[in-house]
Amino acid sequence: MSSEKKRAKGFFSRRPALWVTALLLLLYIVPSAHLKIGPGEFLNGENWRQMADLVYRLGPFERINTCKNANLVWGETDPEGPWSGKLDPVKVAAVCEREETLYWFRPDFLKAQVAYVGNIKAPLLDTFRMAIIGTFIGSLLAVPAALYSSQNLARKRWVYLTARTVMNLIRTVPDLVLAAILVGAFGTGALPGIIALSIFSFAIVAKLLSESIESIDPGPIEAIQATGGSWWQQIAFGVWPQILPNFMGYVLYVLEVNVRSSTVLGYVGAGGIGLELQTNLNLGRFREVGVVIVVMLVIVVAMDWVSNKLRERLV
Amino acid sequence: MLEFKGIQKVWPNGTKGLQDINLKINEGEFVAIVGLSGAGKSTLIRTINRLVQPTEGELLADGMDVCKMNEAQLRAWRTKVGMIFQSYNLVKRSSVLRNVLSGRLGHIGNVRSILGLFPAADIKLAKEALERVGLSEKIDSRADELSGGQQQRVSIARALTQQPKLILADEPVASLDPPTGHAVMNDLRRISREDKITTLVNIHFIDMAQEYADRIIGMRAGRIVYDGPASQVTEQTFEEIYGRRIRPDDLRGNEA
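Here the structure is a predicted model, which means the values were calculated and not measured.

> Got a minute to help me understand the overall build of chain B in this structure?
Helix and strand content of chain B: 9 helices and 10 strands. Expected size for 256 residues packed as a compact globule is a radius of gyration near 18 Å; at 18 Å, chain B falls within 12% of this value. Out of the 256 residues belonging to chain B, those deemed buried represent 47%.

> Sorry, what's going on with the interface of chain A and chain B here?
The figure often quoted for interface size is the accessible area lost as the parts come together. With 21 residues of chain A at the contact, the number on the chain B side is 26 residues. Secondary structure elements with two or more residues in the side of chain A that touches chain B: α9 (219–226) and α10 (231–265) of chain A.

> Looking at this model, I keep getting lost on the packing of helix α8 (residues 190–214) of chain A against α10(A). Mind explaining?
For any two helices packed against each other, one specifies the crossing angle of their axes together with the interaxial distance. All names here are of chain A. Where α8 meets α10, the axes come as close as 9 Å, and the angle between the chain directions of the two elements is 150 degrees. Crossing geometry of α8 relative to α10 is assigned as right-handed. Packed against α8, whose contacting residues are Gly 193, Ala 196, Leu 197, Ser 201, Ile 204, Val 205, Leu 208, Leu 209, Ser 212 and Ile 213, the element α10 presents Val 239, Ile 243, Asn 246, Phe 247, Tyr 250, Val 251, Val 254, Asn 258, Ser 262 and Leu 265 at the interface. Each residue belonging to the contact of α8 with α10 can be placed in one class, and the counts come to 14 nonpolar, 6 polar and no charged.

> Looking at this structure, how should I read the environment of B:Tyr212?
All names here are of chain B. Looking at the element boundaries, Tyr 212 is found in helix α8 (residues 206–212). On a C-alpha basis, the gap between Tyr 212 and His 182 in space is 9.4 Å, while along the polypeptide they are 30 residues apart. Apart from residues no more than four positions distant in its own chain, Tyr 212 is found in contact with Phe 30, Ala 32, Met 185 and Arg 189.

> Just checking my understanding: could you explain helix α12 (residues 286–314) of chain A for this structure?
Since the α-helix turns once every 3.6 residues, residues separated by three or four places project in the same direction. Residues and elements named next belong to chain A. For α12, built from 29 residues, the straight-helix expectation of 42 Å at 1.5 Å per residue is met to within 8% by its first-to-last C-alpha distance of 41 Å. All buried positions along α12 are accounted for by Glu 288, Val 289, Gly 290, Val 291 and Val 292. Next to the buried residues of α12 lie α3 (45–58), α4 (107–119) and α11 (273–282).

> Explain the sheet that holds strand β10 (residues 223–229) of chain B to me, please; I cannot follow it from the model alone.
Strands belonging to one sheet form pairs held by backbone hydrogen bonds; the direction of such a pair is parallel or antiparallel. All names here are of chain B. Spatial ordering of the open sheet is given by β6-β7-β8-β3-β9-β10, a layout of 6 strands whose pairing is mixed. Sheet topology places β6 (81–84) and β10 at the edges, where each strand pairs with a single neighbour. Neighbour-to-neighbour, the strand axes of the sheet open up by a mean angle of 15 degrees, direction not taken into account. The pairing of strand β7 (residues 166–170) with strand β8 (residues 198–202) spans 5 bridges and is parallel. From the neighbouring strand, Leu 166 faces β8, where its bridge partner is Thr 198. In the packing of helix α7 (residues 178–195) onto the sheet, contacts are made with β3 (30–34), β7 and β8, and the angle to β8 comes to roughly 160 degrees.

> Which parts of the structure should I look at to understand the packing of helix α6 (residues 148–161) of chain B against α7(B)?
All names here are of chain B. Between α6 and α7, the least distance of the axes is 9 Å, while the angle of their chain directions is 15 degrees. Taken together, the axis directions place α6 and α7 in an arrangement best described as roughly parallel. Considering only the axes of α6 and α7, their crossing is right-handed. Every residue of α7 that contacts α6 at Gly 148, Gly 149, Gln 152, Arg 153, Ile 156 and Leu 160 is listed here: Thr 180, Ala 183, Val 184, Asp 187, Leu 188 and Ile 191. Residues that form the contact of α6 with α7 fall into these classes: 6 nonpolar, 4 polar and 2 charged.

> Hey, could you run me through the environment of B:Gln163 in this one?
All names here are of chain B. Looking at where Gln 163 falls in the secondary structure, it is placed in the loop between α6 and β7. Overall, the presence of 16 C-beta atoms within 10 Å leaves Gln 163 in the partly exposed class. Once the C-alpha coordinates of Gln 163 and Thr 79 are considered, the two residues, 84 residues apart in sequence, prove to be 8.1 Å apart.

> Teacher, can you tell me more about the pairing of strand β9 (residues 215–220) of chain B here?
Note on strand geometry: in a regular strand, side chains alternate between the two faces of the sheet. Residues and elements named next belong to chain B. In terms of burial, β9 is largely enclosed, as 5 of its 6 residues are buried. As defined by bridge partners, β3 adjoins β9 across 4 bridges and the pair is classed as parallel. When the sheet's bridge partners are listed, Ile 33 is paired in β9 with Ile 217. Note that β9 and β10 share 6 bridges and pair antiparallel. Bridge pairing links Ile 217 to Asp 227 in β10. Hairpin connection from β9 to β10: 2 residues lie between these consecutive antiparallel strands, with Ala 221 at a positive phi of about 50 degrees.

> Help me understand the nonpolar core in this model?
Across soluble globular proteins, you tend to see nonpolar side chains buried next to one another. Formed by 115 residues in total, the largest nonpolar core has its most connected members in A:Ala196, B:Ala32 and B:Ile33. One finds A:Leu124, A:Leu277, A:Val291 and A:Val292 within the second-largest nonpolar core, a separate group that totals 6 residues.

Definitions and limits used
- Residues numbered from 1 in each chain as written.
- Chains lettered and ligands numbered in written order.
- Predicted model: local features only at pLDDT ≥ 70, side-chain atom pairs only at ≥ 80, totals over all residues.
- Helix = DSSP H or I, 4+ residues; strand = E, 2+ residues; numbered from the N terminus.
- Rg over C-alpha atoms; globule rule 2.2 N^0.38 Å.
- Buried ≥ 20, exposed ≤ 12 C-beta atoms within 10 Å, placed from the backbone.
- Contact = placed C-beta atoms within 7 Å.
- Axes fitted to C-alpha atoms, helices over the stretch in contact; angles between N-to-C directions.
- Left-handed = near helix turned anticlockwise from the far one by under 90°.
- Nonpolar A, V, L, I, M, F, W, Y, C, P; charged D, E, K, R; others polar.
- Expected span 1.5 Å × (residues − 1).
- Pairing = 2+ DSSP bridges.
- Parallel < 35°, antiparallel > 145°, perpendicular 65-115°, else oblique.
- Core = buried A, V, L, I, M, F, W, Y, C linked by C-beta atoms within 7 Å.

Below, the structure is given as structure tokens:
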């Protein structure tokens, strides 16, 4: 039977788990030896203390430096001073052997943080709008791009190769750089952010989708071809139903990524909550930064939940 | 109605898929093509609707050379040729009706079909085809909810919806259990008779070939090694075609 796949009988296919483990170990050992970092770096307590400090400063806590193990220093009395002749030594100073930072929970800080959520509603909505529009435009354009850059659908090899190369080029540009360039061209505001997110979503969705397309069952395509269907009909009837759940999954995933990255895009002036985040960070208002992060977290978790529900419906 | 003249197929890696095929298929015939896997049965059948492009030779269909048809002519020819596959090749996530309607794609434009706007006449055809294979009540089910035999019937209905002059069946029963396989072959046979559709079936079960076909064509290593009426075929003929003794797995067995 021609459709039966032949099993590869290579050396590496016999013990796949072993080889994958070896490969992963190699992927860690070789570069880490070069970068001169080892597990010690990760286990360094000071680094983690710094981390913890940052996390506390994002929350409703007041930082107080206190002294642990204050040692009293005793001095000799001045033999010529007014206290001379006294037998007792004199307390001179208290020296801190080790400083300790304490964090006090402040309900008033928390109240202020909760109130602050109301202040960032507008930029948050802007971010959301940017992310949704960017995802929509990018994903829509990604569909034809994915079709043209899938090997199994390619009618002309050069079209496929060109499409693939262009897609790779677009993916190479970091979204932040893209946004910075676009801000330069269009000025600050939501528009450069939307364009940057569109291009970014386009590149991701097209890549993932073309990989899905390359792994679909070729049978239905052949069947549509055999009925006299055109290329577009083969796509609409043989390919599209097979990739639809994947496509929806990618779109929802990219929407999530876009909500997150649109916060960073505000940094280069592309509007939304990112601007608020940047201002807060610059002014050292860590508690406000913390609020923005928590709100983003809630949004991302909520979106994850919603997209899971949607995907269950679709598959 | 079909005439192969010196058809050759050499694959890009140099393997000879078909060698010197000269063959005439008559209107309304029910032909079984037998042979071991790799003998070229699938390749032969696929040259007819040019899913495989022969490297040499002529294939005349109603006086036109299939090998030289342009895109539009080829599509027009394919609309007249229904095809049934071993693995059914249905779109699993689509409904039965949509799968069957895809048999009409060659007759409607890109935009209409992409929007799913099939003419009422086409929908009627699809429903009739489903009725003929006994699956009317499954019309709105998703294709992957059906059993293997039902899926193969849907693919027969898809071919029927094309209103074909010719049906090509590539190992239609190889994935089915014996009783289901017989039921599917019965359907094919009945439809071929009723609608006078010329039918070519690739099959490697010799008992089924004998039971259902009018004519048997034997293939080995890309060549036709036997061609004759099914009534004259004996076990010895099959041993000659297969180049070895007949084994139990060459037989499908009777209807259970």
